[in-house]
Amino acid sequence: MREYYDVVIMGGGPAGSTLGALLAQRTDLRIAIFDKEVFPREHIGESFAHPVVPALQESGALAKVLASPCWVKKFGGVYAWDPGKPAVALFDQAPFEKDGVRRWTMHVDRAEFDHILLDHAADVGVEVFQGVAVTAYEPDRNGGLVRLGDGGAVRAGYFVDASGRQSSVSAARNKRGWLSNFKNIAIWQHFTKGGQTQNLAEDWNIFTEDNLSPIGCFAFRDGWCWYIPVPKVIDGRRVLTHSVGIVTNPAVLKEPGRDYTDQKTFLEAVRQVPYLKDLIQEAVPVADTMLTATNYSRVSDEFADYDERHLLVGDAAFFVDPLFSSGVAVALTQAAAAALLIRKTVDGSLDETDQRHLWQDYNAKWHGTAETFALMIDQWYHAIAKNNPGSVYWNTRGTGADLGIREQTFDALLNTAFQPALLEVMTHGSRKVEDLDAAGPYLTATALAEPAELTDDALVSLAPTAGIRDSVTFVVPGFKATNPPANVQLPPAIIDGMTEYWRNPITNAGASPSPLRDTIPCRRIFSTEDPHGPTIDADPQRDGVDELWKLLGEGPVKFGELAPRLTPPQTRLVKRMCVSGFLTVQPAP
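Okay, so let's go over this structure. (Residues numbered from 1 in each chain as written. Predicted model: local features only at pLDDT ≥ 70, side-chain atom pairs only at ≥ 80, totals over all residues. Heavy atoms only, no water.)

### Here's the deal with the overall build of the protein
Put simply, the test is: Only runs of H or I of at least four residues qualify as helices and only runs of E of at least two qualify as strands under DSSP, and these elements are numbered from the N terminus. Accessible area is worked out with a 1.4 Å probe on protein chains only. A residue is then buried under 20% of its type maximum, exposed over 50%, and partly exposed in between. Residue contacts follow a heavy-atom distance rule, with two residues in contact if any of their heavy atoms lie within 4.5 Å. Methods summary: accessible areas were calculated by the Shrake-Rupley approach with a probe of 1.4 Å, and residue burial reflects only the protein chains presented.
Broken down by element type, the protein carries 18 helices and 27 strands. A burial count over the protein gives 58% of its 589 residues as buried. Long-range pairs, those at least 24 residues apart, make up 77% of the contacts in the protein with a sequence separation of at least 6. Carbon and sulfur atoms make up 50% of the accessible area of the protein, which amounts to about 23600 Å² in all.

### Examining the side chain of Asp 537
This is how it is decided: Polar contact is the term for a pair of N or O atoms within 3.5 Å; when the atoms are in protein, one must be able to donate a hydrogen and the other to accept it, and sequence-neighboring residues count only if both atoms are side-chain atoms.
Relative to the assigned elements, Asp 537 resides in strand β25 (residues 536–538). Residue Asp 537 is classed as buried on the basis of its relative accessible area, which comes to 13%. Side chain to side chain, Asp 537 and Lys 365 meet in a polar contact 3.2 Å long. With sequence-adjacent residues up to four places away left out, Asp 537 is seen in contact with Asp 361, Lys 365, Thr 473, Cys 522, Arg 523, Arg 524 and Arg 576.

### What about unusual backbone geometry?
For the bond from Phe 39 to Pro 40, the omega torsion is 0°, close enough to zero to count as cis. Cis rather than trans, the peptide bond between Val 476 and Pro 477 has omega equal to 5°. In this structure, Tyr 275 is a non-glycine residue whose phi angle is positive, near 70°. Located in the positive-phi region is Ser 325, a residue other than glycine, with phi close to 55°. Given a relative accessible area of 10%, Ser 325 falls into the buried group.

### Describing the packing of aromatic side chains
To be explicit about the condition: Pairing of aromatic rings covers Phe, Tyr and Trp, the last counted by its six-membered ring, and requires centre-to-centre distances within 6.5 Å; plane angles under 30 degrees mean stacked, over 60 mean edge-to-face, and any other angle means tilted. Whether a charge sits over a ring depends on NZ of Lys or CZ of Arg being within 6 Å of the ring centre and within 35 degrees of the ring normal.
All told, the structure shown has 15 aromatic pairs when counted by the stated rule. Seen in terms of ring centroids, Tyr 5 and Phe 129 are 6.5 Å apart; in terms of plane orientation they differ by 70°. Their pairing is edge-to-face. Taken together, the residues span a long stretch of sequence, with Tyr 5 in strand β1 (residues 4–10) and Phe 129 in strand β7 (residues 127–130) at a distance of 124 residues. This pair shows no difference in class: Tyr 5 is buried, exactly as Phe 129 is. When the centroid spacing of 4.9 Å and the interplanar angle of 55° are considered together, the rings of Phe 48 and Phe 113 count as tilted. On the criterion of sequence distance, the pair formed by Phe 48 in the loop between β2 (31–35) and α2 (52–59) and Phe 113 in helix α5 (residues 110–123) is long-range, its members being 65 residues apart. Judged by relative accessible area, which is 0%, Phe 48 ranks as buried. A relative accessible area of 0% means that Phe 113 is categorised as buried. Here the basic side chain of Arg 309 rests over the ring of Tyr 158, its NZ or CZ set 5.0 Å away from the ring centre.

Shown next, in the form of structure tokens:
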């Protein structure tokens, strides 16, 4: 163990391992990972969203995962939430309908999968220390001191907390709040002799004909159940098990006959759930106890501190309800963003102002991503609650938007759109936001984000302290080779490259460039009174910021006269500037 590392990463799970591997391969920095556990170790979260595949390919770990026996290919999901037919979707359904190329990801045995990623980080040059806990980080002007559980310590130029939801080190200096009012508990075990979701003999089952494995998610009175194929080694032999779990409110467990931590009660419940019951009548648990984990949606106050050289990635930064299996995909992509942030901070290509703004972008954009994604999940829960009026669980779901959401959440709501995968299943394939319930949390929050003062008669002009300069930023969330929200228009060459990429992500890795390989130029709107304060970054071509700046600089103009002259991106930018205080809005005289 060295006395000094350029980067110390606390936590060797998927986020920490991926960050370490990317930095080791793209920089000359000395990297160390410390994890209090010794791998392999069990972990919840066995089914992934498809951005995992390009993220693993970027880190170099994909081929190693594919060569292992720990995974099953996954093509989409079955979401049975109402008395009618379930919602079903392939990954990136809309592009697939055009090009016929299936996007895919994995169901995995997390103990083996995580171990492969950690070993890969060591293979490419990261110094990995297992069974060594980090107990504190004490920053100073040149990084900080990382204290270890054995009483030792190392110095670090940068410290990254990738230790998961229960991080005590960052929690001591960084408060964690709720991303949602919903407090869930997950209860699960692995079973043999289960059926395959793709074999459910139903006319809606698009996965049957080609034997394509999806995740199965099934609502019932007290919550919802997952059903995931997981290859595991049982008594020295590789077998295909199924992870079967219930997500419910801890309060439900106190009701008579509903303590699902009791295996008999658990089995009685899941064997009555529509569709799921057809898969598990003969299922046999691999152990006679149930596993549990709280999965509250939480978010840390700050994800990045430039002066303290302290970053959070993965679940240590935020954890969103696991409904759509997004956790690992988001963690790996955030790790790629963190690797880019550290690399651009140390390579001498940016001055201090641009470095600080890039760190602010990491914090603000990932907060916006976390909070808007949580609102999307809450919108889904809101819809489900209507079909379960007598349920303690569902009656506490989808009750309304959190009026205390951050300014950057409003910015994200104004600058992004509903994630395509969620929109696909929530609208049963119509893919229209207007088909969502307007009273749900996401659309309620979107309405709140609209600046009320921007009436047609209101006079708008640039705030006296508003400035603009050339700068750089990065794309968040920055998923590679995946269908973007509807308000992001990709060039035909990029779309064609995505199709080619998914034909074979190993051999066609270069067909679709990663949005997080490098920073991108931007125009940055800032306050001349506080150059290091909050900013807005805008793409000169997509957002039309220079033309807009010229229009606004001509003096106060009625918004009703200005609006017809603006493109949709310029209109969104005006609203973002209004929310952030870079516009002066005066009521009509």
